[in-house]
Amino acid sequence: MYEKIDVAKLHLEHYPAPILRKVAEPVVEIDDTIAALVDLMWDVMFEADGVGLAAPQVGVSLRIFIVSVTGRREDGQVFINPELSNLQGVSETEEGCLSVPGVRSKVRRAGACTVKALDLDGNTFVLEAADLSATAVQHENDHLDGKLFIDRLTTVGRIACRRGLKQLEREYSG
């Protein structure tokens, strides 16, 4: 079904790429192309020393993300068509994003949440995420909704990041 996705041509997208602002489509079938896409996502994420990556970040507007808070593939999890619920508490931690290199700022999010998603075999699972795991899941899920962590910054945070964002706009626009 997804054979028109050429995984070999995919690469990490950088702000202000339009795909990063697009709401991703649900995955309707988990096939070999989806499995190849997820494999590529792991490679891209680990090469960039990330803890999470969403499909839109490699140019594919589908509701898939991966997370490994330890930075090890064997600890990683694939989330297909995730649904977040039960957001609780408040956590404020410094975040960055592989698609917004060089820009970091404190972001306020829920300290814990529940995620229901499909794995690569099409099985539904539920994860109770807390702390860094909850932050990573919320950050990656935002990508599926066309949002970036910079959209959640306070006014002071936005001002502090303005120079870095302008540099990325010059470097990656057009």
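In case you missed it, the structure is sitting above this.
A quick note: this is a predicted structure, and the numbers were derived from the prediction, not measured.

Conventions adopted
- Residues numbered from 1 in each chain as written.
- Predicted model: local features only at pLDDT ≥ 70, side-chain atom pairs only at ≥ 80, totals over all residues.
- Heavy atoms only, no water.
- Phe/Tyr/Trp six-rings, centres within 6.5 Å; stacked < 30°, edge-to-face > 60°.
- Helix = DSSP H or I, 4+ residues; strand = E, 2+ residues; numbered from the N terminus.
- Core = buried A, V, L, I, M, F, W, Y, C linked by side-chain atoms within 4.5 Å.
- Buried < 20%, exposed > 50% of the residue type's maximum accessible area, 1.4 Å probe, protein only.
- Pairing = 2+ DSSP bridges.
- Expected span 1.5 Å × (residues − 1).
- Salt bridge = Lys/Arg side-chain N within 4 Å of Asp/Glu carboxyl O.

Asker: When you look at the packing of aromatic side chains in this model, what are you seeing that I'm missing?
Answerer: Aromatic ring pairs are defined here through the distance separating the ring centres and the angle between the ring planes. Counted according to the given criterion, the structure contains three aromatic pairs. Seen from their ring centres, Phe-79 and Phe-125 are 5.4 Å apart, and the 55 degrees between their planes marks the pair as tilted. Taken together, the residues span a long stretch of sequence, with Phe-79 in strand β3 (residues 77-88) and Phe-125 in strand β7 (residues 124-130) at a distance of 46 residues. Among the aromatic residues, ring-to-ring pairing joins Phe-65, Phe-79 and Phe-125 into one connected group.

Asker: How do you make sense of the nonpolar core when you look at a structure like this?
Answerer: Most often, soluble globular proteins keep nonpolar side chains buried together rather than apart. Ranked by internal contacts, the top residues of the largest apolar core, which has 24 residues, are Leu-37, Met-41, Leu-53, Leu-62, Ile-64 and Ile-66. Where this core is concerned, the elements lending two or more residues are α1 (32-47), β2 (64-67) and β3. Ranked by the residues each element gives to this core, the list is headed by α1, at eight residues.

Asker: Teacher, can you tell me more about unusual backbone geometry here?
Answerer: Excluding glycine, a negative phi dihedral is what most residues carry, and trans is how most peptide bonds are arranged. In the segment running from Tyr-15 into Pro-16, the intervening peptide bond is cis, with an omega of 10 degrees. Structurally, Pro-16 can be placed in the segment before α1. Of note in this structure, Asp-49 is not a glycine but carries a positive phi near 60 degrees. Here Asp-49 is to be found in the loop between α1 and β1 (52-54). Overall, the relative accessible area of 70% leaves Asp-49 in the exposed class.

Asker: Teacher, can you tell me more about the pairing of β7 here?
Answerer: As a general feature of sheets, a regular strand has side chains that alternate between the two faces. Burial along β7 is one-sided: the face carrying Phe-125, Leu-127 and Ala-129 is buried and the face carrying Thr-124, Val-126, Glu-128 and Ala-130 is not. Sheet topology places strand β6 (residues 112-118) next to β7; seven bridges connect them, and they run antiparallel. Looking at β7, one finds that Leu-118 is bridged to Thr-124. Taking the residues between adjacent antiparallel strands as the criterion, β6 and β7 are bridged by five residues, where Gly-122 takes a positive phi near 85 degrees.

Asker: Would you mind going over helix α2 (residues 131-144) with me for this structure?
Answerer: Side chains that are three or four residues apart share a direction in an α-helix, a result of its 3.6 residues per turn. Given a rise of 1.5 Å per residue, 14 residues ought to cover 20 Å, and the 21 Å separating the end C-alpha atoms of α2 matches this to within 8%. Within α2, eleven of the 14 residues are buried, which leaves the element mostly enclosed by the surrounding structure. Immediately beyond the C-terminal end of α2, within one or two residues, lies Gly-146, with a positive phi of roughly 75 degrees.

Asker: What exactly am I supposed to notice about the pattern of salt bridges here?
Answerer: Where charged atoms from two side chains of opposite charge come close, those side chains can pair. This model, assessed by the stated rule, comprises twelve salt bridges. Between Glu-74 and Arg-72 there is a salt bridge; the shortest N-O distance is 3.1 Å. Using a relative accessible area of 61% as the deciding quantity, one classes Glu-74 as exposed. Taking the relative accessible area as the measure of exposure, Arg-72 reaches 44% and is therefore partly exposed. Here Arg-152 ties to Asp-142 by a salt bridge, and the two come within 2.6 Å at their closest N and O atoms. One end of the pair, Arg-152, is in the loop between α2 and α3 (155-172); the other, Asp-142, is in helix α2, with ten residues separating them in the sequence.

Interpretation in functional terms is not warranted from these geometric data alone.
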